[in-house]
Amino acid sequence: MSRSYTALRNTYGVDTKNTATANLTQGDEWLNDFHRKLLALADWPFLHRKRIITSVAPSSTFTAAVTDICTAASTIVIETGIEVTVSSATTLPAGLVASTRYFMIYESATTFKLATSYAAALAGTAIDITDTGTGTHTVTLAVHDNLQPLPYDIDLVESVTVVSGSTRYTPIPAPSKKFWDELHYSSYNSDTPQYWWVENGRIGLWPRHSTAGDVIIVFGKLRVPELNIADYTTGNIDIITNGSVAITGAGTPAWTTPMAGRWIRVTHSNTAASSGDGEWYEIISIASATTLTLGRPYGGRSLTTGAAAAYIIGQVPLLPEAYQDLPEIYAAMRYWIKEKDKQRSDDFRSLLQAGVKDLFTSYGINDTSMVVESGDDDYVLNPNLTIMLT
């Protein structure tokens, strides 16, 4: 059974017989220190996952208001500092000039303001738009701003697949920044990608993708997160179908994009109409405040409209399910070392050593020898992953 951050924190309070806020906060620090160190000891296979984003268009029609806010009709990259130009089939809104470099100021996923310089955009100083103009207006991203944000928890991209219509494309990574820049000497748009490039947490395709909304599957190594997010239980599950990856919520849940990468469990109960299977499923994407997508098909019985099933969305360690308690065991060991209770600290040390050894046997390198030292700098050390400088 998976262990969410909230469950681990509660267990730490029990194991240390101390639920004071200061102790739980210290436990969080120890737990996260060990989680990071353990995951750094090997290239664990369970750290590699796929994430899904959607393509953005290189341009969009937009409308402007005298509040200075522009609203894009298509999905484009809207980030503060993105360079753009504007044009109009008739007359641009007063304050804007065609073919002039402007810089976006983010307002929302579909709205933005424009600034005259990058510095002004960062400062939030927008151009004063005094009328809405006439005709159809278009905003176009600069050629070199052909990048969109990576999924927030991807640390290293390993492969990219783009689905356009019924065709799947597998572009290859651009071999160098120089090569990538040379591809962008001029603007070229197409839904047949050949290369991808990652820079400063953003990913781009070449040619620039023409169509917004196509699926981009990013497979990569996950960033190790800080475990600090409490379980989320607002609202309920309205619809979930056996064999489907889609879940619909009700009762005013407010599911948000950062919940992708967390795990959801529909509560198992004795009430057939609202009982889930009680298993944990990874959330791959959040489509709206009431709809999300799982990483694998739901295996329980189907729940239909009005099911009102209870659920938990939890942040869980990036370890396999059977080993997710290891960070908490380490934290409890540290507590009893601090309290100078040798018997209890040794008991938790034994549990930790057995668990880590089994983890390496099941998922890591062949030699599972390790040392768990005591003291303020306790951590698991595999001697085969160290070198000695002489």
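How each quantity is defined
- Residues numbered from 1 in each chain as written.
- Predicted model: local features only at pLDDT ≥ 70, side-chain atom pairs only at ≥ 80, totals over all residues.
- Heavy atoms only, no water.
- Buried < 20%, exposed > 50% of the residue type's maximum accessible area, 1.4 Å probe, protein only.
- Helix = DSSP H or I, 4+ residues; strand = E, 2+ residues; numbered from the N terminus.
- Arc of directions from axis to C-beta.
- Contact = heavy atoms within 4.5 Å.
- Phe/Tyr/Trp six-rings, centres within 6.5 Å; stacked < 30°, edge-to-face > 60°.
- Pairing = 2+ DSSP bridges.
- Axes fitted to C-alpha atoms, helices over the stretch in contact; angles between N-to-C directions.
- 1 Å grid on protein atoms, 1.4 Å probe; cavity = no way out; pocket = protein on both sides within 12 Å on 5 of 7 lines; lining within 4 Å.
- Points joined across faces, edges and corners; volume = space filled by probe spheres on them.
- Nonpolar A, V, L, I, M, F, W, Y, C, P; charged D, E, K, R; others polar.
- Salt bridge = Lys/Arg side-chain N within 4 Å of Asp/Glu carboxyl O.
- Parallel < 35°, antiparallel > 145°, perpendicular 65-115°, else oblique.
- Left-handed = near helix turned anticlockwise from the far one by under 90°.

Caption draft 1: Region of interest: helix H1 (residues 5–15). What H1 keeps buried is the set Tyr 5, Thr 6, Leu 8, Tyr 12 and Gly 13. One side of H1 carries all its buried residues, which in axial view fall inside an arc of 165°. Residues of H1 that are buried sit in contact with helix H2 (21–39) and helix H5 (326–338). Looking at the residues trailing H1, positive phi occurs at Lys 17, about 55°.

Caption draft 2: Focus on the packing of aromatic side chains. Going through the model one piece at a time under the given rule, you end up with 15 aromatic pairs. Seen in terms of ring centroids, Trp 44 and Phe 46 are 5.4 Å apart; in terms of plane orientation they differ by 20°. Their pairing is stacked. Given the relative accessible area of 11%, Phe 46 is considered buried. Taken together, the ring pairs in this structure connect Trp 44, Phe 46, Tyr 323, Phe 360 and Tyr 363 into an aromatic cluster.

Caption draft 3: Geometry of the sheet that holds strand S5 (residues 102–106). Here we have 6 strands rolled up into a closed barrel, ordered S2-S3-S6-S5-S4-S7, and antiparallel in their pairing. Here the average twist between neighbouring strands, direction ignored, is 45°. Where strand S4 (residues 83–88) meets S5, 2 bridges bridge the pair, whose relative direction is antiparallel. The residue of S5 that forms the bridge with Glu 83 is Phe 103.

Caption draft 4: Region of the structure containing the sheet that holds strand S16 (residues 246–250). Read from one edge to the other, the open sheet built from 6 strands follows the order S15-S16-S19-S18-S17-S20, with strand pairing classed as antiparallel. Looking at which strands have only one partner, the edges of the open sheet turn out to be strand S15 (236–240) and strand S20 (311–314). On average, adjacent strands in this sheet sit at an angle of 40° to one another, irrespective of strand direction. The sheet contact formed by S15 and S16 spans 4 bridges and is antiparallel. Looking at S16, one finds that Asn 236 is bridged to Ala 250.

Caption draft 5: Quick look at empty space enclosed by the protein. Scanning the model with the defined rule gives 2 cavities of 30 Å³ or more in all. Empty space within the largest cavity amounts to approximately 170 Å³. For the largest cavity, the lining is made up of 16 residues, of which Val 56, Asn 146, Leu 147, Gln 148 and His 209 are closest to its centre. In the lining of the largest cavity, the residues fall into 9 nonpolar, 5 polar and 2 charged. The computed volume of the second largest cavity comes to approximately 30 Å³. For the second largest cavity, the full set of lining residues is Leu 8, Arg 9, Tyr 12, Leu 24, Gly 27, Asp 28, Leu 31 and Ala 331. At the level of secondary structure, the elements contributing two or more residues to the lining of the second largest cavity comprise H1 and H2. If you tally residues by element for the lining of the second largest cavity, the top one is H2, at 4 residues.

Caption draft 6: Spatial organisation of the pairing of S16. Because side chains alternate across S16, one face comprises the buried residues Ile 247 and Gly 249, and the other comprises Ala 246, Thr 248 and Ala 250, none of which is buried. Here S15 folds back onto S16, and the loop between the two strands holds 5 residues, one of which, Gly 243, carries a positive phi near 85°.

Caption draft 7: Expanded view of the pattern of salt bridges. In this structure the tally under the stated criterion is 17 salt bridges. Linking Lys 177 and Asp 181 is a salt bridge whose minimum nitrogen-to-oxygen distance equals 2.7 Å. You can see Lys 177 and its partner Asp 181 sitting in helix H4 (residues 177–183), 4 residues apart, about one turn around the helix. On the basis of relative accessibility, which here comes to 34%, the residue Lys 177 falls in the partly exposed class. Taking the relative accessible area as the measure of exposure, Asp 181 reaches 37% and is therefore partly exposed. Taken together, the shared-partner salt bridges connect Arg 49, Arg 51, Asp 153 and Glu 282 into one network.

Caption draft 8: Broad picture of the packing of H5 against helix H6 (residues 342–363). Running from N to C, H5 and H6 point in directions that differ by 155°, and their axes come no closer than 8 Å. The orientation of H5 relative to H6 falls into the category roughly antiparallel. Crossing hand, H5 versus H6: left-handed. Contact with H5, carried on its side by Leu 326, Ile 329, Tyr 330, Ala 332, Met 333, Trp 336 and Ile 337, involves Arg 344, Ser 345, Phe 348, Arg 349, Leu 351, Leu 352, Gly 355, Val 356 and Leu 359 of H6 and no other residues of that element. Looking at the contact of H5 with H6 residue by residue, the classes come out as 12 nonpolar, 2 polar and 2 charged.

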